[in-house]
Amino acid sequence: MASTADFKNGLCLVMNNDIYSIVEFQHVKPGKGAAFVRTKLKGLQSGKTLDKTFNAGEKVETARVEKRPHQYLYQDDLGYNFMDSNTFEQISIQENLIERPELLKEGQMVDILIHDETETPLSVELPPFVELMITYTEPGIKGDTATNALKPATLETGATVMVPLFVEQDIMIKVDTRDGSYSERVK
């Protein structure tokens, strides 16, 4: 059990027969009345996002979860296959448990959230940024625009991201995995 004072981003709670992870929270003390905590929760099994308000000091049940490092191997008709870096066991995970599967590259390290009691995978967390090669993009024409314009670029994984006009084909770029956007060129 945990109190609302123990809330932090990433804490996992058990509610409504699902495990929810706290995406964001805000402690509110209005001028009149009791304090409360506004939270945005993401269901790890259902994938749903919900807003919930807790009274300050309210007790909630926490889920015991563990982050384990895994290496992405390949994709087949069963799902995405990962290997545990410590035990070398392989597990297959469905696409709906991965936030941005189009940014996965073979050999890439990820963290898999695993429920301690049932040993079931809950979600796959990619690193904040991944470095990928651009396989195709249209050449940018100088003087084509007045402000920062973007063009589509296809990456080695098949994903498409919008990049600035100066970015050419066969260049490594850094992509933000939280929103799937271009971050910078890799030197």
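Thresholds, definitions, all that
- Residues numbered from 1 in each chain as written.
- Predicted model: local features only at pLDDT ≥ 70, side-chain atom pairs only at ≥ 80, totals over all residues.
- Heavy atoms only, no water.
- Helix = DSSP H or I, 4+ residues; strand = E, 2+ residues; numbered from the N terminus.
- Contact = heavy atoms within 4.5 Å.
- Areas by Shrake-Rupley, 256 points an atom, 1.4 Å probe, with all protein chains shown as cover.
- Lys, Arg positive; Asp, Glu negative; His and termini not counted.
- Charge placed at Lys NZ, Arg CZ, Asp CG, Glu CD.
- UniProt positions renumbered as here; feature names shortened; annotations may be inferred.
- Pairing = 2+ DSSP bridges.
- Axes fitted to C-alpha atoms, helices over the stretch in contact; angles between N-to-C directions.
- Phe/Tyr/Trp six-rings, centres within 6.5 Å; stacked < 30°, edge-to-face > 60°.
- Buried < 20%, exposed > 50% of the residue type's maximum accessible area, 1.4 Å probe, protein only.
- Lys NZ or Arg CZ within 6 Å of the ring centre and 35° of its normal.
- Core = buried A, V, L, I, M, F, W, Y, C linked by side-chain atoms within 4.5 Å.

Across its full length, the protein holds zero helices and 16 strands. For the C-alpha atoms alone, the extent of the protein along its principal axes is close to 60 × 50 × 25 Å. A sequence separation of at least 24 residues applies to 45% of the contacts in the protein between residues at least 6 apart. When the accessible surface of the protein is totalled, it reaches about 11300 Å², and 48% of it is carbon and sulfur. Averaged over its 20 positive side-chain charges, the protein has a centre that lies 10 Å from the centre of its 29 negative ones.

This brings us to the UniProt feature "domain: Translation elongation factor P/YeiP central" (unreviewed entry) in the protein. The feature "domain: Translation elongation factor P/YeiP central" (unreviewed entry), as given by UniProt, occupies residues 67-122 in the numbering adopted here. From the first C-alpha to the last, residues 67-122 spans 10 Å; its make-up is 0% helix and 52% strand.

The pairing of strand β4 (residues 36-43) with strand β5 (residues 49-55) spans seven bridges and is antiparallel. Residue pairing across strands places Phe36 opposite Asn55, the latter belonging to β5.

The four strands lie next to each other as β2-β3-β4-β5, forming an open sheet whose pairing is antiparallel. Each edge of the open sheet is held by one strand with a lone partner, namely β2 (12-15) and β5. Here the strands of the sheet are splayed against their neighbours by 40 degrees on average, with no regard to which way each runs.

This paragraph deals with the packing of aromatic side chains. Going through the model one piece at a time under the given rule, you end up with three aromatic pairs. Aromatic pair Phe7 and Phe54: ring centres 5.3 Å apart, planes at 80 degrees, arrangement edge-to-face. Residue Phe7 is found in the loop between β1 (2-3) and β2, and its partner Phe54 is found in strand β5; the two are separated by 47 residues along the sequence. The class of Phe54 is buried, set by a relative accessible area of 2%. Seen from their ring centres, Tyr72 and Tyr80 are 6.0 Å apart, and the 40 degrees between their planes marks the pair as tilted. For the residue pair Tyr72 and Tyr80, the accessibility class agrees, reading buried in each case. Here a set of aromatic residues connected by ring pairs shows up, and it is made of Tyr72, Tyr80 and Phe82. Over the aromatic face of Phe129 sits the side chain of Lys174, whose NZ or CZ is 6.0 Å from the ring centroid.

Attention shifts here to the nonpolar core. If you look at the biggest cluster of nonpolar residues, it comprises 25 residues, and the most contacted ones within it are Phe82, Leu155 and Ile173. Elements that contribute at least two residues to this core include exactly β8 (79-84), β10 (109-115), β12 (129-137), β13 (150-155), β14 (160-164) and β15 (172-176). By size, the runner-up hydrophobic cluster in this structure holds ten residues, among which are Met15, Tyr20, Ile22 and Val37.

Located in the positive-phi region is Asn16, a residue other than glycine, with phi close to 50 degrees. By the element assignment, Asn16 lies in the loop between β2 and β3 (18-28). Phi at Asp170 takes a positive value of approximately 65 degrees, unusual for a residue other than glycine. Following the sequence through the fold, Asp170 ends up in the loop between β14 and β15.

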